[in-house]
Structures are given as structure tokens and as C-alpha cells.
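# Topology and contacts: notes
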Amino acid sequence: MQISTEELEGGITRVVLDGRLDIMGAQEIDLKMNVIAGAKKAVLVDMQKVSFIGSMGLRTLVTPAQAIKGRGGKIVLFGPNEMVEKVLKSSAIDTLIPVHHEFQSAVAALQ
Amino acid sequence: MNSYSANTPAECLTLESKLSEISRVVPPWIERLASLHAISDRTRYAMDLCLEEVLSNIVRHGYACESSRAIIIRYVSQRDGFTLVVEDEAPPFNPLITEDPPIPRSLENASVGGQGIHLVKQFADAIEYEPMPNGNRLIIKFISPETSRAVV
């Protein structure tokens, strides 16, 4: 599982995830996600290249999202594929962290 | 009690009870099965998800993270699809009687656990539990038209 960050205009941090967010994938990025969550206030998680997510992966998204929101920040998910989005919906995570498929709307939601 | 036997060695997987083994061994095994049986991407994803959740539950709870215990997984073709049969030697536990997690009302109050079996129920077409003399058997069924056509 790869993770990289990019600073966008308006103080938005784009976090690009690439690979399988399975048990090991989640372990590989948990620490980096928590560091980002402790430092950033507007986070766009780019999930276009996430090919798989399970319940451990959901935890990797929800825990940092709680930290960001607890600090008065915002987080959105961008571009999950059909099956990854089905997992987000089945667990109702999509009702807690907004999911966007248009990049501009994802950015707008953070401003 | 039913008997489940895999047809070929490729259709049976014996897994060591470590979380890292699930991520390392199971996805390539599913890829081979999907290729062998022309399983659709959606069904392949559902197999992948169900096995990750079921196997990680066995490792963490059934075997209490005790490594070097065995879990056996079999792919069994059926007329209208196939089943994945998962057997362990852990203390008796029926995961299907666990209650679904409450629907979270806010991010702040959301629980980050308890989604595993709930997801399995959503992604599998049917699930059955059978107690075994020395463990547990979970039968996860997938109804997939593309595989039923391939089965003679």
C-alpha cells in the first residue's frame, strides 16, 4: 500500500492511496494517516487507486477522520471504485465521511 | 452434516493463523480461482472481502492470535455457483449470531469495530455455520451465473 501527499491551494492536503487497503495495507499506512490527521485541517483522500478495502481499511479511514473533525477540520473521500464504494455504503461510512466522484466538488466541500 | 471436498489441490488452501498470512496468501489464491473458473470481478471482490473478514476473526478471536494453528479453506463448485468452506479448530463460535453494529449517527460516536461479519452478510449470497467435533465450519455461498454456466 502506497501513500503520498500533495498540498493543494486553499490549505487542502490531498492524500493519495494506492493499492489494497487490506489488513497489511491498513497497517502500512495507519501511522502516516494518523500523523496527517494530527497536522492537517482539510484532507482530501484520493481513493481512485484503492483496489480493495475491508473492515480493517475502514478503521484506517474512520480513526483519522474522527481526529480531524475533533480538531474542527474536514475530510472527504474522492473517487472510490464501485466495489470499494459498496463497502463504504454497506458500513454506512459514506454517511459519516462524504464521498465525491468529481474532484472539484470534493475540493469545494473542503472550502 | 454435509461433506465438502475440493476437486483439485488448487481449490484447497491451508493457512497458518497469522494476520500477515491472510494478506499474503489469500488474494493470489482467489486470483487463481477467478481465472480458473471465469469468476466476475464483483464476485472475486466479494470472495476476497468475505475471506479477509472471516479469517481475521478466526485468527484474532478463535485462535486468540496464537500462530501456527491451521485454517482450511476449500472452493467447492455447485450447480448455481460455488461455496467457500472455512474450517478451523478453534473453540465453538457461531459468528452469525452476533448482532449487527448499530448504524452510526455521527462520525464522533462511530465505532470503528464490528463491521466484519456485517460486511460478510452483505457481500455473500448465503452463509451457514456448522459446529464441528473439534472446531467450526463456515459455508459462504456465492450465486454467480457465469460460474454456473461453466459447471458441467
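Nothing here was measured: the structure is a model prediction, and the numbers come from that model.

## Quick word on the overall build of chain B
When helices and strands are counted, chain B shows 4 helices and 5 strands. Shown N-terminal to C-terminal, the secondary structure of chain B runs as helices and strands in the order β-α-α-β-β-α-β-β-α. Across the 152 residues in chain B, those meeting the buried criterion constitute 35%. Residue pairs at least 24 apart in sequence account for 68% of intrachain contacts in chain B once pairs closer than 6 positions are excluded.

## With respect to the sheet that holds strand S5 (residues 135–143) of chain B
Residue and element names in this part refer to chain B. In spatial order, the strands read S1-S2-S3-S5-S4; together these 5 strands make up an open sheet with antiparallel pairing. Only two strands of the sheet have a single neighbouring strand rather than two, namely strand S1 (12–16) and strand S4 (126–132). This sheet shows a mean twist of 20° between the axes of neighbouring strands, independent of strand direction. When strand S3 (residues 81–88) meets S5, the two strands line up antiparallel, connected through 8 bridges. Paired with Val85 across the bridge in S5 is Ile139. The strands touched by helix H1 (residues 19–37) are S1 and strand S2 (70–78); relative to S1, the strand with the most contacts, the crossing angle is about 170°.

Cut-offs used in this document
- Residues numbered from 1 in each chain as written.
- Chains lettered and ligands numbered in written order.
- Predicted model: local features only at pLDDT ≥ 70, side-chain atom pairs only at ≥ 80, totals over all residues.
- Helix = DSSP H or I, 4+ residues; strand = E, 2+ residues; numbered from the N terminus.
- Buried ≥ 20, exposed ≤ 12 C-beta atoms within 10 Å, placed from the backbone.
- Contact = placed C-beta atoms within 7 Å.
- Pairing = 2+ DSSP bridges.
- Axes fitted to C-alpha atoms, helices over the stretch in contact; angles between N-to-C directions.

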